[in-house]
Amino acid sequence: MVGDIGRRGFLAITGGSAAAASGFVPTSGAAQTAKKYDVIIVGGGNAGLPAAIFAAQRGASVLVIEASGGLGGTLIMSSGQMSAAGTKLQKSKGIEDNPDIFYDDVMRISHNTADPVITRLAVDNSADTFDWLTDLGLDVWPDHPVTGTTHEPYSRRRYAWGLEGGISILNILMQQIEPLIESGKIEVLYGRKARELIQNGAGRVTGVASVGEDGTILHHWASNVVLTSGGCASNTELYEKLEDISNYNDDSFPYSQGDGILLGLSAGGHIWGKNTHIPLFGGILAEAEYPSPLLQIFRPWPPERPPFEIFVNVEGKRFVREDVPSHDLIEQSLLKQTDTVCWIVFDEAMFETAKPVMNPDIWSRGEYRSMFNNRPFFHMADTLPELARLAGFDEQAFAGTVASFNAGQASGKDAFERQHMPLPFAKAPYFAIKLHSWKYTSYSGLAVDGQLRVTTEEGQPVPGLYAAGEIIGNGSTMGRSVCGGMSVTPALTFGRLLGQTILDFPA
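All values derive from a computational prediction rather than experimental measurement.

Asks: Help me out: how do you make sense of the overall build of the protein chain in this one?
Replies: On a plain count of helices and strands, the protein chain comes out with 17 helices and 18 strands. Here the C-alpha atoms of the protein chain give a radius of gyration of 25 Å, agreeing with the 23 Å that 2.2 N^0.38 yields for 507 residues. C-alpha atoms of the protein chain, sized along the principal axes, occupy 75 × 55 × 40 Å. Summed over its atoms, the accessible surface of the protein chain is roughly 19400 Å², and 50% of this surface lies on carbon and sulfur atoms.

Structure below.
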């Protein structure tokens, strides 16, 4: 993975000095000095909570600085997907698995774009993390673990979901952390933002300046500072600069603003993973202005819904076999298309025959039909040239696309080797729905080494500064792909490792 944005790039992104760019702007006199801790954790979510729990259990004094009004972070809205190799659950079901097989699977699925050091750290310690949760009472679906769902499957059954998604995991973490908070071993400051990392003359991070909603500034001191404040998916400007892709939807965790990323950059860190973002397929937007809420996600899965329609890019040309049973192949193909958007197009016969694109449990077929020419990105026309004009296709290219598809449908030999082609594209009216790429998380983030220390462009650790979770980028453990469970599980694992063994403080 390439470290492509360092301190100079950080200043270019933020347009000012490191302190000002990180949001640290004194508003009312001198800062107040708070006490010193063994560990300060910025962000109480997937990685921050286990880091705090295990550090406190080792005897550390811990401060958690949380911008929101509660703990949990993205676990509150996460599906809570986990993957681990060599777990007690697998052994109880006779599943043979180990970290080496897991590692090979991740590298295969990610097309060798996941970071090998960080991925190795994640898979080698995944079973301990999963077993810790299940020993504490985490329940997963009865038929789990499985090899996967609609992205590329694992070679072993190691993929498991909690019965209540991310809330299942959060409940376990809260059971562990609440007694530590009540006993005073962990202190939590809610509604305060970490706005500056304090460094001594040698460059070591020695503390954090936080700002409250009332503008008060506090200086907190620590031997170790851990950044676990999530990614930047809800900060459009930063997201588009770091991910190098358009931000079409705004459904991510609202506190994923990238504040921790900017803090790490201000202290000398750099960004990796910019080249690993994979655009998810099938976002149907509610509004014409970007970023928009998602109206629905259209995730076609041929084994359950064989396609009748065709997918075309903004040039009006097909770009992928519509009935390929692999979301990864579709997403890799979408990545190469202009603006990472496409259109699903179909005729009246397809409209009446296929399972509706819009969820029939929410919208009736009549309500679905009424969306065309009445909602953004829904078009209907009596002729192909008119549909092309409404959607912005090249008319001749689109006409050629339809003619080629119809010829393949008639002969049974499609240019993209599609197998399911029950109907030609022939009966007016004709329909088009624009599908945008979408996201919940970010793939780039702060570069770290095998000890989860934030590193400079030269690969040197920033003394006293660590990072874990989405802040280091999901690309570090998934590369340019979606590997089931390789976002939540590594975050939990890295937080546990930091608290349990990595962080250094007096016993």
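Having put the structure on the table, let's press on.
Asks: Could you clarify how one ought to interpret the environment of Tyr466 in this entry?
Replies: Residue position: Tyr466 is located in strand S18 (residues 461-467). With 12 residues separating them in the primary sequence, Tyr466 and Val454 have C-alpha atoms 5.3 Å apart. What Tyr466 contacts, discounting residues up to four positions off in sequence, is Asn224, Val225, Val226, Leu227, Gln451, Leu452, Arg453, Val454, Leu498, Ile502 and Leu503.

Asks: What is the right way to look at helix H9 (residues 236-243) in this model?
Replies: Side chains that are three or four residues apart share a direction in an α-helix, a result of its 3.6 residues per turn. Buried within H9 are the following residues: Leu238, Tyr239, Leu242 and Glu243. The arc that holds the buried residues of H9, viewed along the axis, is 105°, so those residues lie on one side. Positive backbone phi, approximately 60°, marks Asp244, located one or two places after H9.

Asks: Could you clarify how one ought to interpret the packing of aromatic side chains in this entry?
Replies: For any pair of aromatic rings, geometry is given as the distance between the ring centres together with the angle between the planes. Scanning the entire structure with this criterion turns up 22 aromatic pairs. Measuring from centroid to centroid gives 5.2 Å for Phe281 and Phe311, while their planes differ by 45°, and the two rings are tilted. Here Phe281 is found in strand S10 (residues 280-285), whereas its partner Phe311 is found in strand S12 (residues 310-312), with 30 residues between them in sequence. When the centroid spacing of 6.4 Å and the interplanar angle of 5° are considered together, the rings of Tyr290 and Phe377 count as stacked. Residue Tyr290 is located in the loop between S10 and strand S11 (294-297), and its partner Phe377 is located in the loop between helix H13 (365-370) and strand S14 (378-381); the two are separated by 87 residues in the primary sequence.

Asks: How do you make sense of the nonpolar core when you look at a structure like this?
Replies: Generally speaking, a soluble globular protein has its nonpolar side chains buried in company with each other. Within the largest apolar cluster, 106 residues are counted, with the highest numbers of intra-cluster contacts made by Val62 and Leu227. Once residues lying within four places of it in the same chain are set aside, the contact partners of Val62 are Tyr37, Val39, Ile41, Ala52, Ala55, Ala56, Lys185, Ile186 and Glu187. Judged by nonpolar contacts, the second largest core, of 44 residues, contains Met350, Ala354, Met371 and Ile433.

Asks: Would you explain the packing of helix H3 (residues 48-57) against helix H8 (residues 166-182) in this entry?
Replies: When two helices pack together, their arrangement is given by the angle between the helix axes and the distance between those axes. Contact geometry of H3 with H8 gives a least axis separation of 10 Å together with a crossing angle of 35°. As for the relative orientation of H3 and H8, their crossing is left-handed in sense. Between H3 and H8, the contacting residues are Leu49, Pro50, Ala52, Ile53, Ala56 and Gln57 on the first element and Leu170, Leu173, Gln176, Ile177 and Leu180 on the second. By residue class, the composition of the contact of H3 with H8 is nine nonpolar, two polar and no charged.

Asks: Please clarify how the environment of Gly72 should be interpreted in this entry.
Replies: Note on placement: Gly72 falls in the loop between strand S2 (62-66) and strand S3 (81-83). Look at Gly72 and you get buried, because its relative accessible area is 0%. Spatially, the C-alpha atom of Gly72 lies 19 Å from that of Val39, the residues being 33 residues apart in sequence. Once residues lying within four places of it in the same chain are set aside, the contact partners of Gly72 are Gly44, Gly45, Asn46, Leu49 and Leu170.

Asks: I would appreciate a short explanation of the pattern of salt bridges in the present structure.
Replies: Between side chains of opposite charge, a pair can form as their charged atoms come close. Tallied over the full model, the rule gives 19 salt bridges. Between Lys35 and Glu187 there is a salt bridge, and its shortest N-O distance comes to 3.7 Å. Here Lys35, found in strand S1 (residues 32-42), pairs with Glu187, found in strand S5 (residues 186-190); they are 152 residues apart in sequence, far enough to count as distant.

Asks: Help me understand helix H17 (residues 488-502) in this model?
Replies: The terminal C-alpha atoms of H17 lie 20 Å apart, and with 15 residues this matches the ideal 21 Å at 1.5 Å per residue to within 8%. Extensive coverage of H17 is indicated by the burial of 13 of its 15 residues.

Asks: Would you explain the packing of helix H7 (residues 126-135) against H17 in this entry?
Replies: Two elements in contact, H7 and H17, have axes whose closest approach is 9 Å; the angle formed by their N-to-C orientations is 90°. Taken together, the axis directions place H7 and H17 in an arrangement best described as roughly perpendicular. In this structure, H7 uses Ser126, Asp128, Thr129 and Leu133 to contact H17, whose residues at the interface are Thr489, Leu492, Thr493 and Arg496. Considered class by class, the residues forming the contact of H7 with H17 number two nonpolar, four polar and two charged.

Asks: Which parts of the structure should I look at to understand unusual backbone geometry?
Replies: The bulk of non-glycine residues show a negative phi, and the bulk of peptide bonds are trans. Omega for the bond connecting Tyr290 with Pro291 falls within 30 degrees of zero, at -10°, which places this linkage in the cis form. The amide bond that connects Ala428 to the next residue, Pro429, takes the cis arrangement and shows omega of 0°. Relative to the helices and strands, Pro429 is located in the loop between helix H15 (395-411) and strand S15 (430-438). Despite not being glycine, Asn373 has its phi angle at roughly 65°, a positive value. Considering the arrangement of structural elements, one finds Asn373 in the loop between H13 and S14.

Asks: Looking at this structure, I do not really get the side chain of Thr477. What am I missing?
Replies: Among the structural elements, Thr477 can be located in helix H16 (residues 475-478). Excluding residues within four positions of it along the chain, Thr477 makes contact with Val106, Ala114, Ile118, Thr119, Ala122, Met486, Pro490 and Phe494.

Asks: Sorry if this is basic, but what is going on with the environment of Lys317 here?
Replies: Tracing the sequence through the fold places Lys317 in the loop between S12 and helix H11 (327-335). Measuring from C-alpha to C-alpha, the distance between Lys317 and Phe505 comes to 60 Å, with 188 residues separating the pair along the chain. In contact with Lys317, other than residues within four places in its own chain, are Phe311, Val312, Ala397 and Thr401.

Rules behind the numbers
Residues numbered from 1 in each chain as written. Predicted model: local features only at pLDDT ≥ 70, side-chain atom pairs only at ≥ 80, totals over all residues. Heavy atoms only, no water. Helix = DSSP H or I, 4+ residues; strand = E, 2+ residues; numbered from the N terminus. Rg over C-alpha atoms; globule rule 2.2 N^0.38 Å. Areas by Shrake-Rupley, 256 points an atom, 1.4 Å probe, with all protein chains shown as cover. Contact = heavy atoms within 4.5 Å. Buried < 20%, exposed > 50% of the residue type's maximum accessible area, 1.4 Å probe, protein only. Arc of directions from axis to C-beta. Phe/Tyr/Trp six-rings, centres within 6.5 Å; stacked < 30°, edge-to-face > 60°. Core = buried A, V, L, I, M, F, W, Y, C linked by side-chain atoms within 4.5 Å. Axes fitted to C-alpha atoms, helices over the stretch in contact; angles between N-to-C directions. Left-handed = near helix turned anticlockwise from the far one by under 90°. Nonpolar A, V, L, I, M, F, W, Y, C, P; charged D, E, K, R; others polar. Salt bridge = Lys/Arg side-chain N within 4 Å of Asp/Glu carboxyl O. Expected span 1.5 Å × (residues − 1). Parallel < 35°, antiparallel > 145°, perpendicular 65-115°, else oblique.

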